[in-house]
Amino acid sequence: MSAAQLYTKYTRVWIPDPDEVWRSAEIIKDYKDGDKSLQLKLEDETLYEYPLDLPGSELPFLRNPDILVGQNDLTALSYLHEPAILHNLKVRFLESNHIYTYCGIVLVAINPYEQLPIYEQDVIYAYSGQNMGDMDPHIFAVAEEAYKQMAREEKNQSIIVSGESGAGKTVSAKYAMRFFATVGGSASETNIETKVLASSPIMEAIGNAKTTRNDNSSRFGKYIQIGFDKRYHIIGANMRTYLLEKSRVVFQAEDERNYHIFYQLCASSSLPEFKDLGLTCAEDFFYTSQGGDTSIDGVDDADDFEKTRHAFTLLGVKESHQMTIFRIIAAILHLGNLKIQGERDGEVCSISSEDEHLSSFCSLLGVEHNQMQHWLCHRKLVTTAETYVKSMSLHQVVNARNALAKHIYAQLFNWIVQHINKALHTTVKQHSFIGVLDIYGFETFEVNSFEQFCINYANEKLQQQFNSHVFKLEQEEYMKEGIPWTLIDFYDNQPCIDLIEAKLGILDLLDEECKVPKGTDQNWAQKLYDRHAASQHFQKPRMSNTSFIVLHFADKVEYQSEGFLEKNRDTVYEEQINILKASQYQMVADLFQEEKDAVPATAVAKRMPRINVRSAKPAFKAANKEHRKTVGHQFRNSLQLLMETLNATTPHYVRCIKPNDEKLPFKFDAKRAVQQLRACGVLETIRISAAGFPSRWSYPDFFNRYRVLMNKRDLSKNDKKQICQTLLEDLIKDPDKFQFGRTKIFFRAGQVAYLEKLRADKFRAATIMIQKTVRGWLQRARYQRLRRATLALQRYARGHLARRLFQHLRRTRAAIILQKQYRMLRMRRAFLRVCSATLTIQAFARGMFVRRIYRQMLMEHKATILQKYARGWLARVRFRRAQAAAVVLQCHWRRLRARRQLQALRIEARSAQHLKKLNIGMENKVVQLQRKVDEQNKENKLLNEQLSMLTSAHSSEVEKLKKELQQYQQTQQGDGKQLLSLQEETERLRMELERAHGEREVLEDSHGKERDLLRKRICDLEEENALLKQEKEELNSRILCQSEDEFARNTVEENMQMKKELEEERSRYQNLVKEYASLEQRYDNLRDEMTIFKQTPGHRRNPSNQSSLESDSNNPSICTSEIGDTEDVIQQVEEIGMEKAAMDMTLFLKLQKRVRELELERKKLQAQLEKKEQDSKKSQVNEIKTEVTSEHEDFAYNSLKRQELESENKKLKNELNELRKAIADHATQNDSNDVQDGYNLLLNQLKSANEELEVRKEEVLILRSQIMKAAQQKETGKNMESISPNANWPNSDRHVDQEDAIEAYQGMCETNRKTEDWGYLNEDGELGLAYQGLKQVARLLEAQLQDQRREHEEEMEALKNQVDLMQEELEKQQQAFLQTLQLSPEVQVEFGLQQEITRLTNENLDLKELLEKLEKNEKKLKKQLKIYMKKVQDFEASQTMVPVERRPHEQNMQVAVQRKEKDFQGMLEYYKEDEPLLIRNLITDLKPQAVSATVPCLPAYILYMCIRHADYINDDQKVHSLLTSTINGVKKVLKKHQDDFEMTSFWLANTCRLLHCLKQYSGEEGFMTQNTAKQNEHCLKNFDLTEYRQVLGHLSIQIYQQLINIAEGILQPMIVSAVLENESIQGLSSVKPVGHRKYSSNAGDSSYSLDEMIRQLNTFHSIMCDQGLDPEIIQQVFKQLFYMINAIALNNLLLRKDVCSWSTGMQLRFNISQLEEWLHGKNLQQSGAAQTLEPLIQAAQLLQLKKKTSEDAEAICSLCTSLTTQQIVKILNLYTPVNEFEERVTVAFIRNIQKQLQERNDPPQLLLDFKHMFPVLFPFNPSAITMDSIHLPASLNLDFLNKV
């Protein structure tokens, strides 16, 4: 292609610019050959004419298409030149915030001067195992490539990190080592990776310092070798250092600091252990204050010092050695503050002996004060004849002091490095290593000295090695693809290296000048001019005779020769060193002992395994072995050794770039970047690549990208390679511009851009065609719309005119009709008026005539009424007069008759008969009154007697008192005055008392009044309170109504929070279980290794195969009812050991429960004790009575029972014998039917007789015991009559009862002795005995009544106690209620809730304790019942053995089979010695396919049936042994099949089923709700296996986690290719040009489709379903797997620029929909698996959304709720347009997104933790299968199991 074809209109180019280095412009006129200028338009729309006719002017560089800008690899750019590289780095750094970019095999790292979230542990795991080109550029990708090549090719690797100060070399090396420490962590407990990382703080403290370019600049080079074993775990490390900048110890430039350790020590000088160092702040010392400011912003020196000390301790440096190190550093500071006094114009100097700094220096180093004072100012000259001591000048003394300080620090630095290497050294054989070289980059300053010369010399060597390696890789790539190799010309810096290190080179001449006694820097410079003036890489400055210029590969550097000799000699006077050698501190003396090797930093390296490398050149030999080696010679030798090591390894390069000198975050200075790109060799790499075929495309990628340029005929072919060849031959005529390799197409620089131009032109033509067609269609559509609109307007206009005409006609007709109607209405109204007036006149006339008639009739009617009332009044007056006269006559007559009757009664009353009737009642009353008088007389007499007695007693008492009074008066005659005074005092006190009483009454009155007032006030307040309460209730009701929704929301949030906390707690619990399992596995591995190492003969039991419960295998089961015994628990804890006991929480809970029970028992006993103390006498009597009677009762009852049983046994045997004889005799006479009927009849009779006999026997036993009890009570009553006369028989007729009891007892004894005498009643005497015992029934009932009375009294006492407790509780509640009333309403509600919760909790605890006690008693009773039942069955079996044996053999066999089928109870019996065989056949050797056709989880059912039988026979040892062996067997199988998903799923299902069985048949009501009656019969009866259920739960969690790990290991390689890279929708992918060259030699990268991953998921699902795993667990498994799919896919998306495009978003959404459809098809919608894919779905939607306006930003923020802010911004930064027609995401849009998302409280990490595991739940899932319906297949070889 000619220039005219390339430089056309609209093509963009790069032109030089003094400020921005390169500037973009667009051609506005086509270029033609011969033009003297190029017409350009700059980005600011200004026109510019680029001259081409000037000398040296060429056509400007072409700019790459925008679609290629922002590539991960600079070599993928079509145009490879400096402006393209600079622009690509700038776009990635500023717009996308990407600090890493590939440049072939080089990783370019730009220091962001800001902490980025791209170095977390998740990022390390994301890059681990990935190919170098698959992910975004990162230091972890380079480290992973080195680690992978070391493991695959078994070749040592090196990572070379270079760059100038402040570019981030140390940080990059640190992150690389962190990656190795994480990925290749040590397998042992040595934590060597931790020690490797711990060496960084130490080396930074002693080797890093603040410079003007960097606050933490490394002032030395180091090469760290990290050793690995055969399994590629870190086993050790070794460090080599190069060229420590010793001059910084004594001199610092402006704004710079000394090494950090000096300032850290000064910041911590106030600590007690550093008081003896004599240190103060750093400003007080000369060696730390020359640079000015001694602090660094954001750095705490004291805190860093603590980290340094911790690192020393971690690396094993003793505390004493640490203190010595700090003493030496402090001594150096004191040495710099020495005051040197000059004399004789500075020719003679001295130091005062009282100088405190000299004293501190000598005391800290333990040297002689006077000697050091002398030899600091003098030196010794040795000649052949004599030895002289000469004084030094002031300048010489200062130089000697500084040289001594530098030498001390350098020796200390080397000692620390040696000890770090010792700490990192290992005795294990090293298989391979990875070296990390952190070395200074190319440096050029205004003044360059010896240090810059050595640094640039080292960079020349490294650049030579780098060029050769890049050249070698290019050659290998061409040879692998079969492309003819043509020699590429690249810059060879061997002449420059020869100038420095060859014979008579710069270093040789420098060493030679150092040997000359009076050699000077000027003489050495002159020799350089004379020797190398003709060299092309050496120049002499025009204006200087002491400087020289070396043309390095990066730039020309002018070196000042001043100081070269001094620095190269590094002279330290021997006298001063000898003084230090004689130090009293051994470590100080050891620092200065002469070493055989002159390179101390590599002393330890010689003990490491050496690398056999043959150098390209022979090593330089020292001129004189006895002469001390110079610094240049040492550095050349160490550099030679470094190059030998690097040449023997596979190097990986990291070039660090410093974007600006101001250390501002994300600011890009183009000038500084170009300087460093030129210096670090990146541009040289680009030049080498551009010289060959830099752009490389695979055939499928090229076909997919440029298929638009192909013909239909070519596309119909199947051979894509041939299609690509045909296309390129047609498009590019020059065959040298491309080459066809085996798998790739190679292009020269610019050819891809040309193809992109052709592709863009084709798209542009297609676009024009589409636009033309669309525009024509739009115009046609517009014309059709106009025509339709015109027709519509005409139609509407014509319609409007027609409607107007119709309206006119209609109105005319309506007007005529209105006129007609109006006229008619007017005439009608006139007629109606006339008619109305006529009717009105007629009405008034007729009314007048009617009213006249009405008035006349009314007057006549009123006259009639008046006549009626007058006549009535007159008649009533006449009637009243007649009636009054009749009444007067009746009264007179009745009075007359009454008088006559009164006279008759008076006569009758005077007769005797009437008096007799009255006296009859009076006699009775007199008799009654007489009796009352008699009774009163008797009472009077008794009262008189009592009165006389009292009078006599009173008189005697009076006499006695008189006598005492006389005696008292005799004794008190002399105290008469005193008595008077006492009487007066008494009177006075009486008066005061009366006054006090009066006051009291007044106070009581006032108090009463006040109380009435207060009561009234209280009533008012209560009314007011009632009103307030009513108002409060109304307000509360309103508030409740208003806040009901809010309360519901809060409740939901609280529930969600509680669920979340529960999930976290469960997750932590299961993580602990997981850690426990991993520790157990680790313990197993260590034991295995120890066993193999020791090679002990014989078989040893592996402790890892034992369960955690196995340690108590010799003890009874901890699940039995005896676990409540505290002594047993304590004994068990002692036997198990404190470590096991501490882990057994159930045992702790049992002990805690037992303590609570003992506390309750203590309280009860205390209450009983108090009660017994009150009734001590009664209790003593009762105890004596009980002790006396209990022994007799027990003895009598036992003796009677024994006698009865013996007699009963004899009678039963006799009856059985008689029955058998009768049956045998009868059988010989009758047929079989009669025998059977008679036999049944006899059996029924025998059964009824036995039942009646049992009833009679029990009655007799009870009666006998009661009789003997009465007899004993009588005997004891005689002895205790004086103590308690009512103790034996509390009823009224107790003497008669005792006599009867004695008679009955004597009769019973007679009966026992002479049973045969009662034969007249019954042969065995039972009826007679009953007849005699019936007499005592009444006494027995009386005794029962007494017992009931006693129980009633006890119940009454218990009820009283409960009443007291309730009263106390009521008082407490009243107090609490009173306190509550004083609080606010809200607090009252809260307090009431708390009280109610407390009460319910206490009640719940009490009920639980009561339930536990009842269950415990129930289990004990069931156990006893089982024992008795078993004894009864054994007894019946023994009794029935004789008749069974006599039956025929056939009948016996038939009966046995029927009984087995009838009584099968779902239990399996085995012998103890068969237990290993059971475990082996059922667990260890069992394959899932063997039971695939049977009931799911068959092994779990079989194991439970064995456990149930052991429970049935009450064998706790058997239960314990079987469960322990089962758990150990399952663990052993899982350990053996760690990668077998089917086996792991099988045992997860069986373990869960066994756990469900133990719950379902535990007997607990909560687990028996769904059981059938038959299943309830299969419950465990004797043992509580709660602890074993917990152990099985832990085992289930471990199996579940192993299952998840296996599934994740299978799915993880599929996820990225299946979800992100799989092209399920054809034509969407591969539309973005890649062209990235992968230097990672990955063999056979496998890609998976989405269908393959779905098939794998189907396999998982079918396996788990077929094996009967619970559906809830299956849902949790797929939820975990889908979370991993989401996390890995999203993490990969966040770290890959090539998949962040619109097409990938569309493809990703389609793939996710396929996964969601699969979940729906498997009925897994409720599992929550689809919700875990939400972040990935939102990421896909984010890639598809429009990203331009603020509305788009709001839509993104509202949509992407599951993505964090960092993830959203990262995806937007990574987003890449799929073609040149799509716009990029602008920086302003991303800033807008960040601003809107500021309020989010997102976590800081960028990536998802794909190793996060959700807590698993094992819900109870009972089985509907009964144990007796399970069949044992013969393939299991379980013939030794017997069904019970």
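Worth saying up front: this structure is predicted, and the values here are computed from it rather than measured. (Residues numbered from 1 in each chain as written. Predicted model: local features only at pLDDT ≥ 70, side-chain atom pairs only at ≥ 80, totals over all residues. Heavy atoms only, no water.)

**Some words on the overall build of the protein**
For the protein, the count of helices and strands is 54 helices and 26 strands. Across the 1844 residues in the protein, those meeting the buried criterion constitute 41%. A separation of at least 24 residues holds for 73% of the contacts in the protein among residues at least 6 apart in sequence. For the protein, the exposed surface amounts to about 108,000 Å²; the carbon and sulfur share of it is 53%. (Helix = DSSP H or I, 4+ residues; strand = E, 2+ residues; numbered from the N terminus. Buried < 20%, exposed > 50% of the residue type's maximum accessible area, 1.4 Å probe, protein only. Contact = heavy atoms within 4.5 Å. Areas by Shrake-Rupley, 256 points an atom, 1.4 Å probe, with all protein chains shown as cover.)

**Digging into helix α21 (residues 631-647)**
Counted at 1.5 Å a residue, the expected span for α21 with its 17 residues is 24 Å, and the 24 Å between its end C-alpha atoms agrees. A large share of α21 lies buried, amounting to 13 of its 17 residues. (Expected span 1.5 Å × (residues − 1).)

**Here we look at the packing of helix α13 (residues 394-424) against helix α19 (residues 574-581)**
Contact geometry of α13 with α19 gives a least axis separation of 11 Å together with a crossing angle of 45°. In terms of axis orientation, α13 runs oblique to α19. Seen from above, α13 lies across α19 with right-handed handedness. Across the interface between the two elements, A400, L404, H407 and I408 of α13 pack against Q576, I577 and L580 of α19. (Axes fitted to C-alpha atoms, helices over the stretch in contact; angles between N-to-C directions. Parallel < 35°, antiparallel > 145°, perpendicular 65-115°, else oblique. Left-handed = near helix turned anticlockwise from the far one by under 90°.)

**So, helix α17 (residues 521-532)**
The terminal C-alpha atoms of α17 lie 16 Å apart, and with 12 residues this matches the ideal 16 Å at 1.5 Å per residue to within 8%. Here α17 has its buried residues at D521, W524, A525, L528, Y529 and H532. Along the axis of α17, the buried residues cluster in a sector spanning 145°; they form a single face. (Arc of directions from axis to C-beta.)

**Comments concerning unusual backbone geometry**
One can expect most non-glycine residues to show negative phi and most peptide bonds to be in trans. You will see that L504, though not glycine, has its phi angle at about 60°, which is positive. Among the secondary structure elements, L504 is positioned in the loop between α15 (494-501) and α16 (506-515). The backbone of N1514 shows a phi angle near 60°, a positive value even though the residue is not glycine. Turning to its location among the elements, N1514 is positioned in the loop between α42 (1498-1512) and α43 (1516-1536). Accessibility expressed as a relative area gives 31% for N1514, which makes it partly exposed.

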